[in-house]
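If you want the building blocks of each chain, they are given just below.
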Amino acid sequence: MSDGQSAPIMLDTILPEDLAAEPLGGELGCSFSFSRNDEPLLIAEGVVGSQSQAIGAVKIDGTVMRLTKEGKAGFGDMSDGASFTNGTVNARVEVTGEADPGAAPSESPLKTARLTIARGTRQIVIDGFYACGP
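Per chain, residue numbering runs from 1 following the sequence as it is written. Per-residue local features of the predicted model are confined to residues with pLDDT of at least 70, and side-chain atom pairs are confined, for both listing and counting, to 80 or more; whole-chain, interface and lining totals are unaffected and use all residues. Note: side-chain values were computed over all heavy atoms of the structure, leaving out hydrogens and water.

Some words on the overall build of the protein
Piece 1. Numbering of helices and strands starts at the N terminus; helices are DSSP runs of H or I of at least 4 residues and strands are runs of E of at least 2. Helix and strand content of the protein: one helix and nine strands.
Piece 2. Counting the 134 residues in the protein, one finds 40% classified as buried.
Piece 3. Restricting to contacts in the protein with at least 6 residues of sequence separation, those with at least 24 account for 50%.
Piece 4. To measure how exposed things are, a 1.4 Å probe is used in the Shrake-Rupley method; for residues, cover is taken only from the protein chains shown. Here the protein has roughly 7100 Å² of accessible surface; of this, 51% comes from carbon and sulfur atoms. Exposure is judged per residue with a 1.4 Å probe applied to protein chains only, and the accessible area is read against the type maximum: over 50% gives exposed, under 20% gives buried, and values in between give partly exposed. Residue contacts are defined here by distance: any two heavy atoms, one from each residue, within 4.5 Å place the two residues in contact.

The structure is reproduced here in structure tokens:
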């Protein structure tokens, strides 16, 4: 029988209805997606110019898990990557490149990035795209 700590991590995309009942509550957000057109695998929101903790979410095995941003609080510290945890699950976004040259100019340009999700003795690493802004 698996205790969940050593079972493989099955990461799912987060759909709008997943957070409809319990929004993250920030003014601006960031998201990590596998590709340019996919739903996000991680969403995070924070308040601009605030020290209140930014909140993130991932969906593992069909369950949305809220995560608190580590380190400096608020939205302003997330654009170059961030780490989140809930004590059981850890998520880290590392920006690996500049704005995606294939994307149209916008206030929230896609950057190439790497998402690492760890739970117990297991982890998964996914290369994709990260964007922050409105």
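Now that the structure has been shown, the text picks up again.
Some remarks on the side chain of Ser 33
Piece 1. Secondary-structure assignment places Ser 33 in strand 2 (residues 28-33).
Piece 2. Pairs of N or O atoms within 3.5 Å make up the polar contacts considered here, provided that, within protein, one atom can donate a hydrogen while the other can accept it, and that residues adjacent in sequence are counted only when both atoms are side-chain atoms. Of note is the side chain of Ser 33, whose polar atom sits 3.4 Å from the backbone oxygen of Asp 38.
Piece 3. Leave out the neighbours within four places in its chain, and Ser 33 touches Asp 38, Glu 39, Pro 40, Leu 41, Gly 128 and Phe 129.

Section: the state of the cysteines
Piece 1. The disulfide criterion is simple: two cysteine sulfur atoms within 2.5 Å. All chains considered together, the criterion is met by one disulfide.
Piece 2. Here Cys 30 engages in a disulfide with Cys 132; their sulfurs sit 1.9 Å apart. Here Cys 30 and Cys 132 share a disulfide; its torsion about the S-S bond, 115°, makes the bridge right-handed. One end of the pair, Cys 30, is in strand 2; the other, Cys 132, is in strand 9 (residues 122-133), and 102 residues separate them in sequence.

A short note on unusual backbone geometry
Piece 1. For Asp 61, which is not glycine, the phi torsion reads 50° and is therefore positive.
Piece 2. Along the chain, Asp 61 turns up in the loop between strand 4 (55-60) and strand 5 (63-69).
Piece 3. Exposure remark for Asp 61: the relative accessible area of 45% places this residue in the partly exposed category.

Digging into the pairing of strand 2
Piece 1. Across six bridges, the pairing between strand 2 and strand 3 (residues 40-46) is antiparallel. When the bridges of strand 3 are listed, Phe 32 appears paired with Leu 42.
Piece 2. Between strand 2 and strand 3, which pair antiparallel and follow one another directly, the connecting turn spans six residues.
Piece 3. Relative to strand 9, strand 2 runs antiparallel, the two being bridged by five bridges. Each bridged residue has a counterpart across the sheet, and for Ser 31 the counterpart in strand 9 is Ala 131. A strand pair is defined by DSSP finding two or more bridges across the two strands.

Focus: the nonpolar core
Piece 1. Only buried residues count toward a nonpolar core, which is a set of Ala, Val, Leu, Ile, Met, Phe, Trp, Tyr and Cys residues joined through side-chain atoms within 4.5 Å. Phe 32, Leu 42, Val 58, Met 78, Leu 115 and Ile 117 are the most contacted members of the largest nonpolar core, which totals 25 residues.
Piece 2. Residue contacts for Leu 42: discarding those within four places in its chain leaves Ile 14, Cys 30, Ser 31, Phe 32, Ala 57, Val 58, Phe 84, Ala 91, Val 93 and Leu 115.
Piece 3. Judged by nonpolar contacts, the second largest core, of five residues, contains Ile 14, Leu 19, Leu 24 and Ile 43.

Observations concerning the pattern of salt bridges
Piece 1. For this analysis, a salt bridge means a side-chain nitrogen from Lys or Arg found within 4 Å of a carboxyl oxygen belonging to Asp or Glu. Considering all chains together, one arrives at seven salt bridges under this definition.
Piece 2. Between Asp 18 and Lys 59 there is a salt bridge; the shortest N-O distance is 3.0 Å. In this pair, Asp 18 is assigned in helix 1 (residues 16-20) and Lys 59 in strand 4, connecting sequence segments 41 residues apart.
Piece 3. By relative accessible area, Asp 18 is classed as partly exposed at 24%.
Piece 4. Assessed through its relative accessible area of 12%, Lys 59 is described here as buried.
Piece 5. Between Asp 80 and Lys 111 there is a salt bridge, with the nearest N and O atoms lying 3.4 Å from each other. Taken together, the residues Asp 80 in the loop between strand 5 and strand 6 (81-85) and Lys 111 in strand 8 (residues 111-119) connect sequence positions 31 residues apart.

That is the geometry; function is a separate question.
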